[in-house]
Number of protein chains: 4
Amino acid sequence: MTDLTERIQRSFDRQSLMATLGATLGSVAPGTVTISAPILAGARQQQGLAHAGLIFSIADSAAGYSALTQMPESSEVVTAELKINLLAPGAGDALIARGRVVKPGRRLVIVTAEVHAVSDGQETLIAIAQGTMVPVNASR
Amino acid sequence: MTDLTERIQRSFDRQSLMATLGATLGSVAPGTVTISAPILAGARQQQGLAHAGLIFSIADSAAGYSALTQMPESSEVVTAELKINLLAPGAGDALIARGRVVKPGRRLVIVTAEVHAVSDGQETLIAIAQGTMVPVNASR
Amino acid sequence: MTDLTERIQRSFDRQSLMATLGATLGSVAPGTVTISAPILAGARQQQGLAHAGLIFSIADSAAGYSALTQMPESSEVVTAELKINLLAPGAGDALIARGRVVKPGRRLVIVTAEVHAVSDGQETLIAIAQGTMVPVNASR
Amino acid sequence: MTDLTERIQRSFDRQSLMATLGATLGSVAPGTVTISAPILAGARQQQGLAHAGLIFSIADSAAGYSALTQMPESSEVVTAELKINLLAPGAGDALIARGRVVKPGRRLVIVTAEVHAVSDGQETLIAIAQGTMVPVNASR
C-alpha cells in the first residue's frame, strides 16, 4: 500500500457512515478515488431501490477523497457543496462511485463523481455529481 | 393522524435508510414535511461530525415527501436531482430537515430543504438544498 | 446614496454585460441586492421568451452583490458556482432578481436568488438559484 | 449541412441572445453540440473578464442543443435546471462551450457542458456545468 493509499484509507476508516453503509475504499490514485458499496437492506428508499442518500454518500466520499489526494498532508477535506443528478434506478448487486478532481486549488477543489450500479458484472451509470471540496486543517 | 400524514408515514416507513439513520418523520402539511435524526455514532465523517451523506439523506427525504404531499394518491416520488450547500459543521444533539415545495407541477416539482443542527434547544442552519422531484407510478 | 450603495453601484457600472442586457441596480442593503432588467428583443431564446442566460445573469449579479455587501471594502467578488432552477416561462414586462446572503464567511459566502417576472404589476416566480461567492482582492 | 445541423441551426438563429453575445454554432452531432463566442466588450464583469452570465449562456445553449439532437423533430427544448462551477478566469480570445448528453430520456435529458477559453490557440478549461433539459412541444 502506498503512502497516499494509506493516508486516504486511514481517513476513510474514521468515516463511520461508510462502515454503516458497508462501503469499502477501492483504488486510490492522484486525483481519483473509487468507493464501492452493496445496496444493503437498510439503505433503501420506499420502492426497495438504493436511497438517493446512499448514492450521494459514496459519491461525496469518493469525490472528497479524490480532492484529498491533492491536498497537503496536514489537511482534511470537507464538502462545501455537491449537486447530484440521478439517471437510473439504483438496483443491482453493488454500487461503485468514482471521484475525480477537475480543478485542484489551494482554497477550492472542483470535483465530479460518477456512480454505476453493477449487475452480473455489467455497469450502468446511475448518477453524476459535481461540486466543491475545501481543505481544512486536520484536527490531529 | 390525517390521511395525508398517514400516506407519507406509510411511504417513510418503507425507506429503510431512514430507520438505519434513526430518522423520524415530524410534521406533515401540504407542501412541507419535516424529518429529524440524531447524529448516530455510525453516521459520521472522519472528524466525528455528521457526514454530508446523513445531512443530504434527510434533506432529500424531507424535500421528496414535501413534493409527494402535492402529488396524486397513485404517485410515488423520486429525486431527479438535488444540490446541497453545507454551511456549518454538523454537530449537536440532532438534525432537523425541513422540505418545502417551491413550485408544484405535473411532471416536475421544484423543492428546497433546510437542515438545522439542534444543540441545547438552539438551532443552527447547517445546510440548504434545492432540487427537482418527479412523480412515478406507485408500484402496486 | 449610502456608501454601501455607492460601492455596489460603482462595481455594477463596470459590469458591461448588465448594460448590454439593460439591467439596472435596484435596492441595496446589507446582505441583499435587487437587479431589474427588461426582456430585450436581443435577450431571448428560440420561443421568444427570456433566455435562461438572461435570467441567470441577473440572478448571478444580484447574488454576487448581496455577498459583496458583506465583504471588506478591499474585496471584489467572483462566482465560484451557482445552480439555477427555472420554474416558469420568462415572459412579461420585466424581470427582477433578488439576491440574498444565507451564510457570510471569510472564504465562502453562500447565497440564494429569486427571479420574478413582472406583468401588469403582478409578479410570478420564474427561477430560484443557490450558490457560492468568493472574495478576491480588488485589482487596484 | 445535414438535416440535424439544419434543425439546430434554425433554432439557434432564433435565440437572439446568442447574436447579442456574438455566439456562433459550431459542430453538431448526435448528443453533442459546440458553441463559440468572443468575449465582447459588452459581456464582461467588473474586472473586465467574461461575465459568468456569458459563460453560463453558451454552456446552457450548447447543453440544450445537445439534448435537442436526441429529441423528436416536433420538440423544442427548455432548461429545467443547470449548475455551473467556474474554475478559472474567463480571459482570452474566445470561449468554446461543448454540450453533451449524458442520459437521454423521454421526459428528462441529463446533460453536461464544458467551457474552455482559447488564447493563442491554447485551450483552458474555465467552467463545467451539469443539468436537466426537458422537451416541450414546438409552438410551430
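Our structure's up above, just so we're on the same page.
A few points on the structure. Computed from a predicted model, the values in this text were never measured in an experiment.

Some words on the overall build of chain A
Counting secondary structure elements, chain A contains three helices and six strands. Reading chain A from its N terminus to its C terminus gives the helix and strand order α-α-β-β-α-β-β-β-β. Considering only C-alpha atoms, chain A reaches an extent of 40 × 25 × 25 Å along its principal axes. Taken over 140 residues, chain A has a buried fraction of 56%. Of the contacts made within chain A by residues no fewer than 6 positions apart, 65% connect residues no fewer than 24 positions apart.

Some thoughts on the relation of the copies chain A and chain B
Each copy of the sequence occupies a distinct position, and chain A is placed on chain B by a rotation of 180° and an axial shift of 0.0 Å, giving an RMSD of 0.0 Å. Taken together, the turn and the small shift mark the pair as related by a two-fold rotation axis. Closest approach to the rotation axis within chain A is made by the C-alpha atom of Lys83(A), at a distance of 1.9 Å. Here 100% of the interface residues in chain A have copies in chain B that are interface residues too; the copies meet face to matching face.

Observations concerning the interface of chain C and chain A
As a measure of interface size, the accessible area lost when the parts come together is often cited. Counting from both sides, the interface comprises six residues of chain C and, opposite them, six residues of chain A. For the side of chain C that touches chain A, the element with the most residues is strand 3 (residues 75-86) of chain C, which contributes three residues.

Brief notes about the interface of chain A and chain B
Opposite the 31 residues of chain A that make contact, chain B presents 31 residues. Sorting the residues of the side of chain A that touches chain B by element identifies helix 1 (3-14), helix 2 (16-20), helix 3 (52-68) and strand 3 (75-86) of chain A as the ones contributing at least two each. Ranked by residues supplied to the side of chain A that touches chain B, first place goes to strand 3 of chain A with nine residues. Residue classes in the side of chain A that touches chain B are distributed as eleven nonpolar, 14 polar and six charged. In this structure, strand 3 of chain A lies alongside strand 3 (residues 75-86) of chain B, joined through five bridges in antiparallel fashion. When the sheet's bridge partners are listed, Glu81(A) is paired in strand 3 of chain B with Asn85(B).

A short note on unusual backbone geometry
Phi is positive for Asp120(B), close to 50°, though the residue is something other than glycine. For Asp120(B), the position within the fold is in the loop between strand 5 (109-119) and strand 6 (122-137).

Quick notes on helix 1 (residues 3-14) of chain D
All names here are of chain D. Across its twelve residues, helix 1 extends 17 Å between first and last C-alpha, which sits within 8% of the 16 Å expected from 1.5 Å per residue. Among the residues making up helix 1, those that are buried are Ile8, Ser11 and Phe12. Viewed end-on, helix 1 has its buried residues packed into an arc of 105°, placing them on one side of the element. Seen from the buried face of helix 1, the exposed residues on the opposite side, beyond 90 degrees, are Asp3, Glu6, Arg10 and Asp13. Contact partners of the buried residues in helix 1: helix 2 (16-20), strand 1 (24-29), strand 2 (32-37) and helix 3 (52-68).

Some thoughts on the sheet that holds strand 1 of chain D
Pairing is antiparallel across the open sheet formed by twelve strands, whose spatial order is 1(C)-2(C)-4(C)-5(C)-6(C)-3(C)-3(D)-6(D)-5(D)-4(D)-2(D)-1(D). The sheet terminates laterally at strand 1 (24-29) of chain C together with strand 1 of chain D, the two strands that pair on one side only. On average, adjacent strands in this sheet sit at an angle of 25° to one another, irrespective of strand direction. Pairing analysis gives eleven bridges linking strand 5 (residues 109-119) of chain D to strand 6 (residues 122-137) of chain D, with the strands arranged antiparallel. By the bridge assignment, His116(D) is partnered in strand 6 of chain D with Leu125(D). Running over the sheet, helix 3 (residues 52-68) of chain C touches strand 2 (32-38), strand 3, strand 4 (94-103), strand 5 (109-119) and strand 6 (122-137) of chain C together with strand 3 (75-86) of chain D and is turned about 40° from strand 4 of chain C.

As for the environment of Ala113(B)
All names here are of chain B. Inspection of the secondary structure puts alanine 113 in strand 5. Residue class for alanine 113 comes out buried when judged on the 29 C-beta atoms lying within 10 Å of it. Sequence spacing of alanine 113 and lysine 103 is ten residues, and the spatial spacing of their C-alpha atoms is 13 Å. Sequence-distant contacts of alanine 113, defined by excluding residues within four places in its chain, comprise Ala59, Ala62, Ala63, Ala97, Arg98, Gly99, Arg100 and Ala129.

What about the relation of the copies chain C and chain A?
Relative to chain A, chain C is turned by 180° and slid 0.0 Å along the rotation axis, the superposed coordinates differing by an RMSD of 0.0 Å. Interface residue correspondence from chain C to chain A reaches 100%, placing this contact among same-surface, isologous pairings.

Here is what the cut-offs are and how they apply
- Counting restarts for each chain, with residues numbered from 1 along the sequence as it is written.
- Chains carry letters from A onward and ligands carry numbers from 1 onward, assigned in written order.
- Per-residue local features are limited, in this predicted model, to residues with pLDDT of at least 70; the limit for side-chain atom pairs, both in listing and counting, is 80 or more; totals at the level of whole chains, interfaces and linings are taken over all residues.
- Secondary structure is summarised from DSSP: a helix means a run of H or I of at least four residues, a strand means a run of E of at least two, and numbering begins at the N terminus for each.
- Burial is judged by counting other C-beta atoms within 10 Å of a residue's own C-beta: 20 or more means buried, 12 or fewer means exposed, and anything between counts as partly exposed, with every C-beta placed from the backbone.
- Note on contacts: residues are paired as contacts if their backbone-placed C-beta atoms lie within 7 Å.
- Here the copies are matched by least squares. The fit uses the C-alpha atoms of residues with pLDDT of at least 70 in both.
- By the convention adopted, Pro, Cys, Tyr, Trp, Phe, Met, Ile, Leu, Val and Ala count as nonpolar, Lys, Arg, Asp and Glu as charged, and the other residues, Gly among them, as polar.
- Here, strands pair whenever DSSP counts at least two bridges between them.
- How far a helix is expected to stretch is found by multiplying one less than its residue total by 1.5 Å.
- This arc is taken over the directions from the axis of the helix to the C-beta atoms.
- Every angle, taken between N-to-C directions, lies between 0 and 180 degrees, and every axis is a line fitted to C-alpha atoms, over only the stretch in contact when it is a helix.

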